[in-house]
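Notes for the structure review
Single-letter residue listing:
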Amino acid sequence: MKTLTVQRTALTGNYAVAYAVKMAKPHVIAAYPITPQTTIVEKLAEFVEKGELNASFVNVESEFSAMSVVYGAAMAGARAFTATSSHGLLYMYEAVWWTALSRAPVVMAVVTRTIGPPWNIHVEHNDILALRDSGWIIAMAETVQEAFDLTLQAFKIAETVVLPMAVGVDGFILSHATEPVEIPPQELVDKFLPPRRPDVPLALRPGNAITFGNLPSDNRIHARHKAAIYQAHQEAKAVITQVDREYGKMFGRGYQGLVEWYKASDAKYIAVCTGAWCSDAKDAVDALRERGVPIGLMRLRFIRPFPREEVEKLDQYDLVVVYDRDITPAGGILGIEVKSALRRAKVVNIIAGIAGVDFDNRNFYETLQRALEGKYRDVEVVI
Amino acid sequence: MPISTPSTASAGVTGTWRTYKPVVNLQKCIDCGLCWLYCPESVIDWEKGQKVTIDYTFCKGCGICADVCPVKAIDMVPEGEL
Amino acid sequence: MSFRLDLLPKKKYVVPGNAACAGCGMMIGLKILGMALGEESVLVIPASCASVVQGLAPKSGVAMPILNVPFASSPAVATGISEAFKMLGVKGHAVVWAGDGGTADIGFAALSGAAERNSNIIYIMYDNEAYMNTGIQRSGSTPRTAWTTTTPTGKRERKKDVALLMAMHGVPYVATANIAYPQDFYRKLKRAAEIQGFKFIHLYTPCPPGWRFDPAKTVEVARLAVETGAWILWEYDNGVFKLNPPSTVYADKSKRRPLKDYLKLQGRFAHLTEEEIKALEEEVDAKWNTILKLAKL
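Predicted model only: the values in this text are computed from it and were never measured.

Broken down by element type, chain A carries 13 helices and 16 strands. Taking 21 Å as the expected radius of gyration for a compact globule of 383 residues, we find that chain A reaches 21 Å, a close match to that expectation. For chain A, the spread of C-alpha atoms along the three principal axes comes to 70 × 55 × 45 Å. In chain A, which comprises 383 residues, the share counted as buried stands at 54%.

Okay, here's the thing in structure tokens:
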């Protein structure tokens, strides 16, 4: 029996995504460069031109066209990938909604970056969170390894649920940070990710005269279609958990599914966050634990589907501190969504690290302490 | 997935749209097929040797057939008249 | 290639009872497209009259595979479909059927990108010279002096010549076409289908409600456009410009019918003075000069 060897190496978040995409064997890739996503695109172009990846790499003239190309490719039955950030995501926004409502199983990496003006290339979550109403499945990586794993899982999840999926890789702090990565053998990836069914969601082929998207004779047709996507998100929760479990068995790395609980089972207080800075938050949790504070952390791996059942469990804690690396006029997005699922727990929503302002483990430690001391309002912007 | 398939009457019984209806004088008709070619609604059927018939269920009465006929074999007659 | 009417496919690619206006020029074009490439194409249709004429789901008034797409996206979506077909080994063409609005204006960046990339698609811009689907507002392709709802005293700007712009991208094939000359359009569709790379056809499709003429006159108006020289049939094939008949005849100005014959049928030009008509004739002459010079290159 041949032993399939794993390759242990060190990669940046962006390169990890590129390697995962390569191993997923997409047919069509189209992306427009934008900092800090550029090195994903450049690496993929290199793979294609060197003959290591047999895909069509389309050099589009804008992000709107990038999403349109992968949308067309996916509707024609191909496995397709794109990547963007911030303003690029906003530029393709109409196409992003059209893709989800068409149920095209596209995979997109979003290297999270703040939105201007002013121009600013650093990390913030407002861009990827702008997808949250569109029907896209949304996941956030904490580590470079997870960026790799989530990208592979994304193709399987998207093609099973038949909805597009976005993987968030935090700008610079993950995209350009080098961390150890384990790359599985291609044969195992092929087993995990079989070829896509080209006739789902529809068989767009010459000679097969079907139309998709013309006006409905009864608006209820449209309404039912939208309701079906809401339903698909509820059913996606089990799919995601299943895929994560299967991935864990095959590759030795499971992530607990929709959310990750960290030192939470015997905690009285809990921090909630998403993305790369959760590692820093975990550091702060560890330090507080050493001082005897019964605190844990829940990391949202998936923003959509919204892990309602897991979030509802936060009600058992005496204090929930939700960290948002995003800001809206109504408060932090995660803060609002978490609060909406809870009935009794006190929630403090801390908005921090926005516009790329650095926020490290000490900042988490200090703010968690202050939150525990009751020194914060319900929504506290910390700069 | 709301997928549509080709069907007549995708906008209803469009014959009700017209106020004039094309009437073919088969004796004048020279079987050239131009009305069949230019009809934007595909309601004219033509077999070479058998001349043309018009599907009045869907004919919108645009009058292109009468206009392009090289021998003026088609008259646009107000609806309701014989 | 011989073009015998009785040998053309009888299959109804435009299905009776669709939502098009009576006398719609575009539907004649769609019929010809169906006859030429109906069984070997997938259509990409952006927001336009073409989206609406398909009628109401779950029925479709066009018997070809169609993906309806966002307004500015059609060149890129078609590129994606074409590349997918290539990678999946599917035989057939990705054909864009878009209006002048979606091509000359909102979709222009994507169009230029697809042309520059030489993406393997057939792009047909059917030109009814305004945003007709939303109720006759001017587009970049509206001719100067024409009435539209957003240019009620007549458009001041000149018509954007998208076909020439495409030729200047150096793509393998560009052609103008006209629904009054179906055999010419049919031949150009077949020619485009033989070529790998970006192919562009600018199809002239008169619009009765938008141009204000009796719907019976659609073909006549289209024919007069060519006979007066206002619309020139030309082809750019592998770098070589060529005039197509009958525009070859109208290269000789004395053979052209007076422009007035074309203008007077259309209510959108009813307000024109003699001077304005003369100025339009001079513009027609100037365009001929350009095309004739290119055709000799």
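What follows continues from the structure just given.
As a further point, take the overall build of chain B. Looking only at helices and strands, chain B has 2 helices and 5 strands in total. The helix and strand sequence of chain B, counted from the amino end, reads β-β-α-β-β-α-β. Taken across its 82 residues, chain B has 45% of its residues classed as buried. Once local pairs closer than 6 in sequence are excluded, the contacts in chain B between residues at least 24 apart make up 67%.

What follows is about the interface of chain B and chain A. Contacts between chain B and chain A engage 6 residues on the former and 11 residues on the latter. Looking at the side of chain B that touches chain A, its residues break down into 4 nonpolar, 2 polar and no charged. Relative to strand E1 (residues 3-6) of chain B, strand E9 (residues 211-212) of chain A runs antiparallel, the two sharing 2 bridges. Paired with Thr211 of chain A across the strands is Ser4 of chain B, a residue of E1 of chain B.

This paragraph deals with the sheet that holds strand E3 (residues 66-69) of chain C. With respect to topology, 11 strands assemble into an open sheet ordered E2(C)-E1(B)-E9(A)-E3(C)-E1(C)-E4(C)-E5(C)-E7(C)-E6(C)-E8(C)-E9(C), the strand pairing being mixed. The open sheet terminates on both sides in strands that have one partner only, identified here as strand E2 (59-60) and strand E9 (240-243) of chain C. Helix-sheet contacts for helix H1 (residues 25-37) of chain C involve strand E1 (41-46), strand E4 (93-99), strand E5 (122-127) and strand E7 (199-204) of chain C, and the interaxial angle to E5 of chain C is about 160 degrees.

A few words now on the domain arrangement of chain A. All names here are of chain A. Partitioning chain A into domains gives domain 1 (7-251) and domain 2 (259-382). Here the C-alpha centre of domain 2 lies 27 Å away from the C-alpha centre of domain 1. Among the elements of the structure, helix H6 (126-129), strand E6 (137-140), strand E7 (165-170) and helix H9 (219-251) are those that each provide at least two residues to the side of domain 1 that touches domain 2. Here the side of domain 1 that touches domain 2 takes 5 residues from H9, the largest share from any one element. Partitioning the side of domain 1 that touches domain 2 into residue classes produces 11 nonpolar, 9 polar and 5 charged.

A word on the nonpolar core. Note that soluble globular proteins tend to have their nonpolar side chains buried in a common cluster. All names here are of chain A. Membership of the largest hydrophobic core comes to 253 residues, with the highest contact counts inside it found for Val28, Val70, Ile270 and Val272. Of all the elements, helix H7 (residues 144-161) adds the most residues to this core, at 10 residues. Each of domain 1 (7-251) and domain 2 (259-382) gives at least three residues to this core. If near-sequence neighbours (up to four positions away) are discounted, Val272 is found in contact with Met298, Leu300, Val320, Val321, Val322, Tyr323, Leu334 and Val338.

Let us look at the sheet that holds strand E4 (residues 80-84) of chain A. Residues and elements named next belong to chain A. If you walk across this open sheet you meet the 7 strands as E3-E2-E4-E5-E7-E6-E13, and the pairing is mixed. The open sheet terminates on both sides in strands that have one partner only, identified here as strand E3 (56-58) and strand E13 (302-304). Within the sheet, the average angular offset between the axes of one strand and its neighbour, ignoring direction, is 20 degrees. Sheet strands touched by helix H1 (residues 13-24): E4, strand E5 (107-112) and E7. Its angle to E7, the strand with the most contacts, is close to 150 degrees. With respect to the sheet, helix H2 (residues 38-49) is in contact with strand E2 (28-30), E3, E4 and E5, its orientation differing from that of E3 by roughly 140 degrees.

Turning our attention to the interface of chain C and chain A. For interface size, the figure often reported is the accessible area lost on association. Listed as interface residues are 38 residues of chain C and, on the opposing side, 40 residues of chain A. Considering only residue class, the side of chain C that touches chain A consists of 22 nonpolar, 11 polar and 5 charged. Taken together, the 2 bridges between E9 of chain A and E3 of chain C define a ladder with parallel strand orientation. When the sheet's bridge partners are listed, Phe212 of chain A is paired in E3 of chain C with Leu67 of chain C.

Before going further, it helps to spend a moment on the confidence of the model for chain B. Model confidence for chain B is summarised by a mean pLDDT of 96, while 98% of its residues fall at 70 or above. Taken over the whole predicted complex, pTM reads 0.97, whereas the ipTM for its chain interfaces reads 0.96.

Moving on, we come to helix H5 (residues 93-101) of chain A. Residues and elements named next belong to chain A. Listed as buried for H5 are Ala95, Val96, Trp98, Thr99 and Ala100. Packing partners of the buried residues in H5 comprise helix H3 (63-75). At the exit of H5 stands Arg103, carrying a positive phi of roughly 60 degrees.

Looking now at the environment of Met166 of chain C. All names here are of chain C. Mapped onto the fold, Met166 is located in helix H6 (residues 162-168). Through-space distance from the C-alpha of Met166 to that of Leu37 is 22 Å; in sequence the pair is 129 residues apart. Excluding anything up to four places from it in sequence, Met166 contacts Ala115, Val171, Val174 and Phe200.

This part covers the pairing of strand E14 (residues 319-324) of chain A. All names here are of chain A. Within E14, 5 of the 6 residues are buried, which leaves it mostly tucked inside the rest of the structure. In this sheet, E14 lies alongside strand E11 (residues 269-273) in parallel orientation, the contact comprising 4 bridges. Within the sheet, the bridge partner assigned to Ala271 lies in E14 and is Val321. With 6 bridges joining them, E14 and strand E15 (residues 346-352) adopt parallel strand pairing. From the neighbouring strand, Asp324 faces E15, where its bridge partner is Ile351. Note that the unit made of E14, helix H12 (residues 333-341) and E15 has a crossover that is right-handed.

The next thing to look at is unusual backbone geometry. In this structure, Pro36 of chain A follows Thr35 of chain A across a cis peptide bond, with omega equal to 0 degrees. Within the secondary structure layout, Pro36 of chain A lies in the loop between E2 and H2. The linkage connecting Pro245 of chain C with the following residue, Pro246 of chain C, adopts the cis geometry, with an omega of 0 degrees. Positionally, Pro246 of chain C belongs in the loop between E9 and helix H10 (247-250). Positive phi outside glycine occurs at Lys25 of chain A, with the angle close to 55 degrees. Turning to its location among the elements, Lys25 of chain A is positioned in the loop between H1 and E2. We note that Arg212 of chain C has phi near 65 degrees; this positive angle belongs to a residue other than glycine. Mapped onto the fold, Arg212 of chain C is located in the loop between helix H8 (208-211) and helix H9 (218-227).

All names here are of chain C. Pairing analysis gives 4 bridges linking strand E8 (residues 234-237) to E9, with the strands arranged antiparallel. Looking at E9, one finds that Asp237 is bridged to Val240. Between E8 and E9, which follow one another and run antiparallel, lie 2 residues, and Asn238 among them has a positive phi close to 55 degrees.

The rules behind each value
- Starting afresh in each chain, residues are numbered from 1 along the sequence in its written order.
- Chains carry letters and ligands carry numbers; both start at the beginning, A for chains and 1 for ligands, and go up in the order they are written.
- Residues qualify for local features only when their pLDDT is at least 70, as the model is predicted, and side-chain atom pairs are given and counted only at 80 or more; totals for whole chains, interfaces and linings, by contrast, use all residues.
- Counting from the N terminus, the helices are DSSP H or I runs at least four residues long and the strands are E runs at least two residues long.
- Within these notes, the globule rule equals 2.2 Å times the number of residues to the 0.38 power, and the radius of gyration is based on C-alpha atoms.
- In this scheme the burial state of a residue depends on its C-beta neighbours within 10 Å: 20 or more other such atoms mean buried, 12 or fewer mean exposed, and anything in between means partly exposed; the C-beta positions come from the backbone.
- Residue pairs qualify as contacts under a 7 Å threshold applied to their C-beta atoms, which are placed from the backbone.
- Residues were grouped as follows: Ala, Val, Leu, Ile, Met, Phe, Trp, Tyr, Cys and Pro as nonpolar; Asp, Glu, Lys and Arg as charged; and all remaining residues, including Gly, as polar.
- Paired strands, as defined in this entry, are two strands with at least two bridges between them according to DSSP.
- Axis lines are fitted through C-alpha atoms, for helices just across the contact stretch, and the angle between N-to-C directions can take any value from 0 to 180 degrees.
- Note that the domain bounds were set by an automatic or database domain assignment.
- Nonpolar cores are identified as sets of buried Ala, Val, Leu, Ile, Met, Phe, Trp, Tyr and Cys residues joined via C-beta atoms within 7 Å.
- The pLDDT value tells you how sure the predictor is about a given residue, anywhere from 0 up to 100.
- By the criterion used throughout, a crossover qualifies as right-handed when its path from the first strand across the helix to the second strand runs clockwise, the strands pointing away from the viewer.

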